[in-house]
Structure formats: structure tokens, C-alpha cells
Amino acid sequence: MSNPTAKPKQTTAIDHGVGSRIAFLRAANGLSQSALASALGVSFQQVQKNETGKNRVGAGRLQAIAERLGVPVSSFFAPEPEASSENGPALLRVAGAVE
């Protein structure tokens with residue numbers, strides 16, 4: 001049985017990292033939060049909360065986001081992107097991240 005006084009799971013640094021990568025890849029694909037939300041069947045506010053790490057992203061939704069952005073799910077868990085290098089931000093060098 002569930003405990004009615006149990007606290008909801010708190011977001012973690014990983015949730016924030018995944019959210020920031022979603023935001024980065026969404027913008028790199030030229031999509032607005034509203035456009036991604038529409039493709040996922042959720043509100044833009046939900047996408048915003050996922051991107052800021054206020055809400056956790058479930059496995060099914062993460063798969064749908066990856067498919068819409070044309071990237072592997074693993075790209076959301078890559079090491080933190082470097083600030084920049086001579087070849088551009090590290091996340092842009094992830095195979096399939098941006099076409």
C-alpha cells in the first residue's frame with residue numbers, strides 16, 4: 001500500500017542535466033517548446049518543467065522526445081558538454097545530435 005504522507009520523489013542533478021540537454025537539442029533542431037509539446041501530446045508548460053528539471057522525465061516520454069529530435073536516448077545522458085572547443089560544443093559532436 002502507498003503511504004499517503006510519503007513525499008514525492010525529488011528531482012536530482014541528473015534530472016536537471018537531462019532537461020538541459022532536451023532544451024539544447026530542441027533549440028538546435030529549431031523547435032519551440034510549444035512545437036515539441038504538440039508532437040508529444042503534452043502542454044508547453046510540461047516541456048518547460050522537464051527542461052528546467054522541475055519535473056522528472058519518464059522513460060516513455062524520453063524515448064518519444066529522442067525520436068522527435070532524431071537522437072538516441074543515450075544523448076541525454078552524455079557527459080556534461082564542454083563550454084566549447086575548436087570543433088564547437090561537445091554535444092553537437094554527438095553522432096545524430098544535430099543534422
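Residues numbered from 1 in each chain as written. Predicted model: local features only at pLDDT ≥ 70, side-chain atom pairs only at ≥ 80, totals over all residues. Heavy atoms only, no water.

Asks: Could you give an account of the overall build of the protein chain, naming the residues involved and the relevant values?
Replies: Within the protein chain one finds 4 helices and 0 strands. For the protein chain, the α and β elements follow one another from N to C terminus as α-α-α-α. Taking the intrachain contacts of the protein chain between residues at least 6 apart in sequence as the baseline, contacts between residues at least 24 apart amount to 56%. When the accessible surface of the protein chain is totalled, it reaches about 6200 Å², and 54% of it is carbon and sulfur. (Helix = DSSP H or I, 4+ residues; strand = E, 2+ residues; numbered from the N terminus. Contact = heavy atoms within 4.5 Å. Areas by Shrake-Rupley, 256 points an atom, 1.4 Å probe, with all protein chains shown as cover.)

Asks: Mind laying out the side chain of Glu-51, listing which residues take part and the relevant values?
Replies: Structurally, Glu-51 can be placed in helix α3 (residues 44–52). The exposure class assigned to Glu-51 is buried, which follows from its relative accessible area of 9%. At a separation of 2.6 Å, a polar atom in the side chain of Glu-51 contacts the side chain of Arg-26. Discounting chain neighbours no more than four positions away, the residues touching Glu-51 are Gly-19, Ser-20, Ile-22, Ala-23, Arg-26 and Gln-33. (Buried < 20%, exposed > 50% of the residue type's maximum accessible area, 1.4 Å probe, protein only. Polar contact = N/O pair within 3.5 Å; in protein donor to acceptor, adjacent residues only side chain to side chain.)

Asks: Lay out the side chain of Asp-15 in plain terms, naming residues and giving numbers.
Replies: By the secondary structure assignment, Asp-15 is in helix α1 (residues 13–28). The residues contacting Asp-15, other than those within four sequence positions of it, are Gln-10, Gly-53 and Arg-56.

Asks: Explain the packing of helix α2 (residues 33–40) against α3 residue by residue, including any values.
Replies: Running from N to C, α2 and α3 point in directions that differ by 110 degrees, and their axes come no closer than 8 Å. The angle between α2 and α3 places the two elements in the roughly perpendicular class. Within the contact between the two elements, α2 uses Gln-33, Ser-34, Leu-36, Ala-37 and Leu-40 and α3 uses Phe-44, Val-47, Gln-48 and Glu-51. Tallied by class, residues from the contact of α2 with α3 come to 5 nonpolar, 3 polar and 1 charged. (Axes fitted to C-alpha atoms, helices over the stretch in contact; angles between N-to-C directions. Parallel < 35°, antiparallel > 145°, perpendicular 65-115°, else oblique. Nonpolar A, V, L, I, M, F, W, Y, C, P; charged D, E, K, R; others polar.)

Asks: Account for the pattern of salt bridges, with residues named and values stated.
Replies: Per the stated rule, a full pass over the model turns up 2 salt bridges. Of the charged contacts in the structure, one is a salt bridge between Asp-15 and Arg-56, with a shortest N-O distance of 3.2 Å. Residue Asp-15 is found in helix α1, and its partner Arg-56 is found in the loop between α3 and α4 (59–69); the two are separated by 41 residues along the sequence. In this structure, Arg-26 and Glu-51 form a salt bridge, with 2.6 Å as the shortest nitrogen-oxygen distance. Here Arg-26, found in helix α1, pairs with Glu-51, found in helix α3; they are 25 residues apart in sequence, far enough to count as distant. Since its relative accessible area comes to 12%, Arg-26 is described here as buried. (Salt bridge = Lys/Arg side-chain N within 4 Å of Asp/Glu carboxyl O.)

Asks: How would you summarise the packing of α1 against α3 if you had to cite specific residues and measurements?
Replies: In a packed pair of helices, the relevant descriptors are the angle between the two axes and the axis-to-axis distance. Running from amino to carboxyl end, α1 crosses α3 at an angle of 120 degrees, the nearest separation of the two axes being 6 Å. With respect to each other, α1 and α3 are oriented oblique. On the side of α1, the interface is formed by His-16, Gly-19, Ser-20, Ile-22, Ala-23 and Arg-26, while α3 contributes Asn-50, Glu-51 and Thr-52. Grouping the constituent residues of the contact of α1 with α3 by class yields 2 nonpolar, 5 polar and 2 charged.

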